[in-house]
Amino acid sequence: MTIDFSRQLHYVWALLPEIILCVSGMVILVVGVSGRYRHAHMAAGGSIESKSGDDLGWLALLGLLGAAMANAWLYSVTEVGESSMIAVDRFRLFSNWIFLLAAVLGILISFAYVYRQRLQAGEFYALILFATAGMMFMVGARDLIVVFLGLEVMSIAVYTLTAFNRRDRKSAEGGLKYFLLGAFSTGFLLYGIALVYGATGSTNVAVIGEAISNGEASMGLLSPAVALLTIGFAFKVSAIPFHMWTPDVYEGAPAPVTAWMSAAVKAAAFVAFLRVFMVGFDAIYALWYPILWWLAAITMVGANLIALVQTNIKRMLAYSSIAHTGYLLVAIAAANETAAAGMLFYLLVYTLMNMGAFAIVMSVSHHSEERLYIDDYVGFGWSQPLLGVFLTVFLLSLAGFPGTGGFMGKIYLLLGAAESDLWILSVILVLTTVVSYWYYLRVAWVMWMKDPETEGQHNRIIVPFPMRFALLASVGLILYVGIFPSAALEFARTSIEGLGTFGGGLIGQGP
Amino acid sequence: MHTALVEGGQATVDTAAQFEPFFPGLIILLPLIGFLINGALALKHARVSAAAVRLGGELDLGEGDHRPETHTLPSYVGPGVMLAAFLIASVNFIRMLSVELHEPHVIEYWTWIATGTFTVDAAIQLDQLSILMTMIVTGVGFLIHVFSVGYMSDDGGYPRYFSYLNLFIFFMLVLVMGASYPLMFVGWEGVGLCSYLLIGFWFSDREKSDAGKKAFIVNRIGDFGFLIAMFLLFGMFGTLDFVPLFSEADNLEYGGSLVTAVTLFLFLGAAGKSAQIPLYVWLPDAMAGPTPVSALIHAATMVTAGVYLVVRSSVLYALSPIASATVAGVGVFTALFAATIALKQNDIKKVLAYSTVSQLGYMFLGVGVGAYATGIFHLITHAFFKALLFLGAGAVIHSMHRSLHRTNDHQDPQDMRNMGGLKAFMPITWGTMWVATFAIAGIWPFAGFFSKDEIIWQTAAFGGAARAPYPALYQVYWVIALGTAILTAFYMTRMMVMTFHGSNRTGVEEAKHLYEAPPVMWLPLMALAVLSVVGGWINVPEALRETFIGLGPLTSEWLHRWLEPVTEQAHHIQEFNLGEVAEQAPFGGGEVTWAVISTVLALATVLTSFHLVIRKNVRAAAEDPELSGFSKVLYHKWYVDEVYDRLIVQPLIRTSRFCWRVIDARVIDGIVNGVGWAARGVGFIVSMFQTGTVNTYALVLTIGALIILGVSVF
């Protein structure tokens, strides 16, 4: 099919996955408050509630399936006419896969948690779908206004989800902090967009790019504008020093939300970041590249060092997630096709391994918020061998051990960095990876190499079927892309084609 | 590659016969299958014991508790896959013997990494070097697996042990057979992980689990060097496959700074894995693992991977005289340094550990002076005699442990001061270990003599080359290498005497429980003893053969000729730039003269030190007085661990803590103030602002934003 952007109706086709998600989200909301479910929720009895919650979860998965089909279908369409708002390119579609994957995994691991914590299932699953739609808007946007719109749709849903467990003080606290600081940083982003408009007379990313390379833009406005946009995005990807919210929010948010948002929100922000900076600000690479260079360096070093001394596994994983932000920032600083493809690939792998690790943390904490210390993992491997092996794979992949997807991702990022001659950043990346082995393997160490002080403390761990499936799929995919990565690498590489020009790599030099 | 350098007569053979590999993939695959079977069994067993715990049952992992379901299968699968892999490797070896293979035979399985600009295949490379390494790994590996069946029979983690061991062999084979640096790196990391798992095998002991961590961390430093070198190589050549990379390396400038950087970084990796100064500290601690593991991983195979790496990259090293001199220098100083520490150790495994570090130093000296085949030669003979020494020590410890256990004696079963006179109880172990001792001491005609002596000789010869880069330096190396050989003979004799000779110090009751190891353990000892004698005959120097009665026509420098296709490119570069190596040692005398001198010296040292030590009244550990003076410094290993702790470990921990406090402000604010503001309803927001948490965050955010704005605007 051909999508003709001169006809308004065709925007519906171009936005089909997002629309399906929004509609299914609303359906779930309505079904969730309908008599039967409402009543069931009020009932104190467990089984009915669980069942009703599960039903809504499956409904959400159905919506995601529909969106996935629409996303697959979009590969077959061709664009005609000028679209100033939304892109139908492989870059967007690849990113959509990541969000869909994250949402599916997120919902699969939520079932038991939603039941145990007696959360309102309808709102919970609907918000995940809305946030996912927001992410998709963000990465498909050709216009800064649409980026902002998507960002806000996503963020508000995520703020709510963070504070979703109202009975838990930490959850409410995390949600409020996230909201306050998020609003603060959104201000930077919005102000940046305004200045860009002032400098170039447009909010369309491609037009901005042209205006800048033709020398029509006012540089005096452009440099603060780029700085403000960088700050806004840096907050969303949680780069140091804009990361302060991350550990609190990750620790406070309901565990499945943490697992899901640590991957999906970061991925959305990074993809939008990449598109805006590479397409829009390619010509002024020299202006923003030093900022990104320092952000990447500081984030990698700082996060890895702090993660070393964490004792709470959720906080450790939070700092690990900040460290991964640092690695991914290297790709943006490199600003070439290999780095961009590497980033997509890395985000895909990161989604799998990070969500997998969080999912197991959840099941160890009995789908609640207890037993979150690394010492609680003593002897875990031997009493839960399968989960132990899985968690080991996730941790090894996060550390970047050869044979796992995480290793391939790091190699890909390093190749991108090498292409832009970012040698010092590459060395920092490798060195900090060396450091990161310590805290990842400490968990693996405790799991396998220490005898539990109290026998049988891991015997009550329950892994419901949906989560088991999610874990198995994640481990399988991580090992598959680690051992046979060429298909996924090729897929990521072709997804970069047509994104736009890449001149950044040509200028590469020291910070 | 150099294909034109085929000698006339052999060229016809080359075209006539083609090398046909015999299921080389299976060599790698078999240990992996073994790992999966044993690993599944270990996990299943873990489940069973967990269930037993749940039911309130007692877990008895004690002695004599042979559970057939956990012992039978691994006993056959573990060594079985190794034997099969060894046989397949042998078939390939024999096939390669019968043809003249000049180009490495590369077999590609699938495209591993493809990013458009960069492609790496999952491919194995069969050539003279890799097949030799494969034979050593699978062959010695098989013997050690067999030994383990006896040694580990009382251990509760029996299937787990064999699964780790098989996994180790798998990664080791990937390391030596991989056709590119990234694949080698996979094996490199993998063996590191297995080593970490096996060192910490008896994890209930805190000291032992710390040793595993230490090994892992130190190796990561080395791996960092390896990774950086890989990326530099990729930047230089655009490929990381061995064959195209080395053929293009010919175009590099001799002594260029880039190639020097690459080779130095690679050597950092090699120094980490092969325990050289300054990264040697993990290996002695690694002795916390089961003794067969020490024999397999920390003596015969994994620790020699660094030597293999240098030989594999010989073309690059030949291009960089500075890196080569560094390799040789670090090697020879490590040899000396470790040998001095070995003089004063009382733990039998510690002596062997430092001896291994020292012998690895010799190998690096060899490859550092351009004698790549000689380095591999010493690697092979060392694999035989050091595996034998470790297994022998394992048999001794096994016997000691059982005896002390039965008599409820809490002495250290590894302390040689508690042994003495074991010859009477363990004659086979005693005999085979003396064979190994003669070999390592370098006494003719045992294996170590040929290899070690050749390294020492090549050092002298290289220093005397027409345009040798730093002739005086190599003379110093040569003198140190000679001196270290004498130290080696001394500390090994000391170990043998303290363990097997003199009066028995175990105690009367304990001595009744000392027995020779069972056949499943002494048979591998015998096999290795034979190899420790004849292993050196594969490479008898031409000069020695001419002077003395030779050992048959096959022996003359066979290994050199065999490895010629791998090393000739490096030799050409070296000869072209430095000229022919010398025929005379610095103080006169040719190869034969110095060979005679060194073997006589070694023999004299063994004899004198035997008498010296046996006359000395060795006291049992409990009664032994504290050492003082220089002996104390040596006993405490020159205090290197303590220095590292002060200079590196503690500052790093302090920095992390500092960063945590500064960057993660919640730790200060949240913990102190957070207690009070639980469940305050509406006042919640207000109280949060009062605590300043969000304020702090916003402040940091603002400062960051101001910096970025400032930088970009001004």
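Numbering of residues begins from 1 in every chain and follows the order in which that chain's sequence is written. Think of it this way: whatever chain is written first is A, whatever ligand is written first is 1, and the rest follow in order. At least 70 in pLDDT is required for a residue's local features to be given in this predicted model, at least 80 for side-chain atom pairs to be given and counted, and no such filter applies to totals for whole chains, interfaces and linings, which use all residues. As a rule here, side-chain values come from all non-hydrogen atoms in the structure, and water together with hydrogens is ignored.

### Some thoughts on the overall build of chain B
Then step 1. Helix numbering and strand numbering both begin at the N terminus, where a helix is a DSSP run of H or I of at least 4 residues and a strand a DSSP run of E of at least 2. On a plain count of helices and strands, chain B comes out with 29 helices and 2 strands.
Then step 2. Summarising the internal contacts of chain B: among those between residues at least 6 apart in sequence, 81% fall at separations of at least 24.
Then step 3. Surface exposure here means Shrake-Rupley accessible area, sampled with a 1.4 Å probe, where a residue is shielded only by the protein chains that are shown. Carbon and sulfur atoms provide 66% of the accessible area of chain B, an area that totals close to 26,400 Å². In what follows, a contact means two residues having at least one pair of non-hydrogen atoms within 4.5 Å.

### Here we look at the overall build of chain A
Then step 1. Check the secondary structure of chain A and you find 22 helices and 2 strands.
Then step 2. For the radius of gyration, the atom set is restricted to C-alpha positions; the globular benchmark scales as 2.2 Å times the number of residues to the power 0.38. Relative to the compact-globule value of 24 Å for 511 residues, chain A shows a C-alpha radius of gyration of 22 Å, a close match.
Then step 3. Dimensions along the principal axes, computed over C-alpha positions, put chain A at roughly 70 × 55 × 40 Å.
Then step 4. Residue pairs at least 24 apart in sequence account for 82% of intrachain contacts in chain A once pairs closer than 6 positions are excluded.
Then step 5. Counting every atom, chain A has about 15,100 Å² of accessible surface; 67% of that belongs to carbon and sulfur.

### What about the interface of chain A and chain B?
Then step 1. Facing 71 residues of chain A, the contacting portion of chain B comprises 72 residues.
Then step 2. By convention, the term buried area covers the 1.4 Å-probe accessible surface removed from two parts as they join, with the contributions of both added. Buried surface at the junction of chain A and chain B, both sides included, amounts to about 6,700 Å², of which 78% is carbon and sulfur.
Then step 3. A pairing counts as a salt bridge when a side-chain nitrogen of Lys or Arg comes within 4 Å of a carboxyl oxygen of Asp or Glu. Where chain A packs against chain B, one counts 0 salt bridges.
Then step 4. Pairing of N or O atoms within 3.5 Å defines a polar contact, subject to two protein rules: one partner must be a possible hydrogen donor and the other a possible acceptor, and residues neighboring in sequence count only if both atoms are side-chain atoms. The interface formed by chain A and chain B contains 5 residue pairs in polar contact (both at pLDDT 80 or more).
Then step 5. Element by element, the count of residues in the side of chain A that touches chain B is highest for helix H19 (residues 423–449) of chain A, at 11 residues.
Then step 6. Classifying every residue of the side of chain A that touches chain B gives 50 nonpolar, 10 polar and 11 charged. Charged residues are taken to be Asp, Glu, Lys and Arg, nonpolar residues to be Ala, Val, Leu, Ile, Met, Phe, Trp, Tyr, Cys and Pro, and polar residues to be all remaining types, Gly included.

### Some words on a nonpolar patch on the surface
Residues and elements named next belong to chain A.
Then step 1. Patch rule: a residue counts if its relative accessible area is over 30% and it has no salt bridge; like charges are joined within 9 Å, and nonpolar side chains (Val, Leu, Ile, Met, Phe, Trp, Tyr) within 5 Å. Side chains of Met-1, Leu-9, Val-12, Trp-13, Ile-19, Val-23 and Val-27 sit close together on the surface and give an oily, nonpolar patch of about 580 Å² of accessible area.
Then step 2. Elements with a minimum of two residues in the nonpolar patch: helix H1 (10–14) and helix H2 (16–33).
Then step 3. At 3 residues, the largest contribution of residues to the nonpolar patch is made by H2.

### Structural notes on the packing of aromatic side chains
We describe a pair of aromatic rings using the distance from one ring centre to the other and the angle between the two ring planes.
Then step 1. Ring geometry is summarised as follows: Phe, Tyr and Trp rings, the Trp one being its six-membered ring, pair when their centres sit within 6.5 Å, and such pairs are stacked at plane angles under 30 degrees, edge-to-face over 60 and tilted between the two. Under the criterion given, the structure shown has 54 aromatic pairs over all chains.
Then step 2. Residues Trp558(B) and Trp562(B) carry aromatic rings whose centres are separated by 5.5 Å and whose planes lie at 15 degrees to one another, so their mutual orientation is stacked. Separated by 4 residues within a single helix, Trp558(B) and Trp562(B) lie in helix H23 (residues 558–578), roughly one turn from each other.
Then step 3. Burial classes follow relative accessibility: with a 1.4 Å probe on protein chains only, a residue under 20% of its type's maximum area counts as buried, one over 50% as exposed, and anything between as partly exposed. Assessed through its relative accessible area of 9%, Trp562(B) is described here as buried.
Then step 4. Taken together, the ring pairs connect Phe407(A), Trp112(B), Tyr181(B), Phe185(B), Trp188(B), Phe226(B), Phe242(B) and Phe246(B) into an aromatic cluster.
Then step 5. The rule is short: NZ of Lys or CZ of Arg within 6 Å of the ring centre and within 35 degrees of the ring normal puts a charge over the ring. Against the face of Tyr437(A) rests Arg220(B), its NZ or CZ located 3.3 Å from the ring centre.

### Examining the nonpolar core
Then step 1. Definition of nonpolar core: a set of buried residues of the types Ala, Val, Leu, Ile, Met, Phe, Trp, Tyr and Cys, connected through side-chain atoms within 4.5 Å. Residues Trp260(A), Phe281(A) and Tyr181(B) are the most contacted members of the largest nonpolar core, which totals 420 residues.
Then step 2. Counting residues per element, this core draws most heavily on helix H15 (residues 337–364) of chain A, at 21 residues.
Then step 3. In this structure Tyr181(B) touches Phe226(B), Met230(B), Leu233(B), Leu240(B), Phe242(B), Leu245(B), Phe246(B), Leu266(B), Leu309(B), Ser313(B) and Leu316(B), once residues within four positions along its chain are discounted.
Then step 4. The next biggest cluster of nonpolar side chains, apart from the first, holds 24 residues, and it includes Ala325(B), Leu365(B), Ile480(B) and Ala485(B).

### Focus: unusual backbone geometry
Then step 1. At the junction of Ile240(A) and Pro241(A), the peptide bond is cis and its omega measures out at 10 degrees in the coordinates.
Then step 2. Looking at where Pro241(A) falls in the secondary structure, it is placed in the loop between helix H10 (219–237) and helix H11 (245–252).
Then step 3. One non-glycine residue with positive phi stands out, namely Phe23(B), at about 40 degrees.
Then step 4. Residue placement: Phe23(B) occurs in the loop between helix H1 (8–16) and helix H2 (24–54).
Then step 5. Phi is positive for Ala275(B), close to 55 degrees, though the residue is something other than glycine.

### Thoughts on the pattern of salt bridges
Residues and elements named next belong to chain A.
Then step 1. What the rule picks out here adds up to 13 salt bridges over all chains.
Then step 2. A salt bridge links Asp-248 to Lys-177, with the shortest nitrogen-to-oxygen separation between them at 2.8 Å. Separated by 71 residues along the polypeptide, Asp-248 in helix H11 and Lys-177 in helix H8 (residues 169–200) bring together distant segments of the chain.
Then step 3. Its salt-bridge partner being Arg-493, residue Glu-490 comes within 3.0 Å of it at the nearest N-O pair. Residue Glu-490 and its partner Arg-493 are located together in helix H21 (residues 486–496), separated by 3 residues, close to a single helical turn.

### Digging into the packing of helix H9 (residues 205–213) of chain A against helix H12 (residues 255–280) of chain A
Then step 1. To obtain an axis, a line is fitted to C-alpha atoms, over the contacting stretch when the element is a helix, and the angle between two such axes runs from 0 to 180 degrees between their N-to-C directions. In contact at an axis separation of 8 Å, H9(A) and H12(A) are set at 35 degrees when each is read in the N-to-C sense. In contact with Val205(A), Ala206(A), Ile208(A), Gly209(A) and Ile212(A) of H9(A), H12(A) contributes Arg275(A), Val276(A), Val279(A) and Gly280(A).

### Comments concerning the confidence of the model for chain A
Residues and elements named next belong to chain A.
Then step 1. Confidence of the predictor at the level of single residues is captured by pLDDT, which takes values from 0 to 100. Residues of chain A with pLDDT of at least 70 account for 91%, and the chain-wide mean is 85.
Then step 2. Ranking the helices and strands of chain A by mean pLDDT puts helix H7 (residues 144–162) first, with 93, and helix H22 (residues 504–507) last, with 40.
Then step 3. In this model residues 39–50 is a low-confidence stretch, pLDDT under 50, and it forms 11 contacts with partners more than four residues away in sequence or in other chains.

### A short note on helix H18 (residues 447–463) of chain B
Then step 1. By this rule the span expected of a helix is its residue count minus one, scaled by 1.5 Å. Here H18(B) contains 17 residues, and its C-alpha end-to-end distance of 25 Å stays within 8% of the 24 Å for a straight helix at 1.5 Å per residue.
Then step 2. When you tally the buried positions in H18(B), you get 17 out of 17 residues, the bulk of the element.

### Examining the packing of H15(A) against helix H17 (residues 385–399) of chain A
Residue and element names in this part refer to chain A.
Then step 1. Between H15 and H17, the shortest axis-to-axis distance is 9 Å and the interhelical angle comes to 140 degrees. It follows that H15 is oblique to H17 by the angle criterion. Crossing handedness for the pair H15 and H17: left-handed. Where H15 approaches H17, its residues Val-349, Leu-352, Met-353, Asn-354, Gly-356, Ala-357, Ile-360 and Ser-363 are matched on the opposing element by Leu-387, Phe-390, Leu-391, Phe-394, Ser-397 and Leu-398.
Then step 2. Considering only residue class, the contact of H15 with H17 consists of 10 nonpolar, 4 polar and no charged. Roughly parallel covers angles under 35 degrees, roughly antiparallel covers those over 145, roughly perpendicular covers 65 to 115, and oblique covers all other angles. Handedness of a crossing follows from how the near helix is turned relative to the far one, being left-handed for an anticlockwise turn of less than a right angle and right-handed for a clockwise one.

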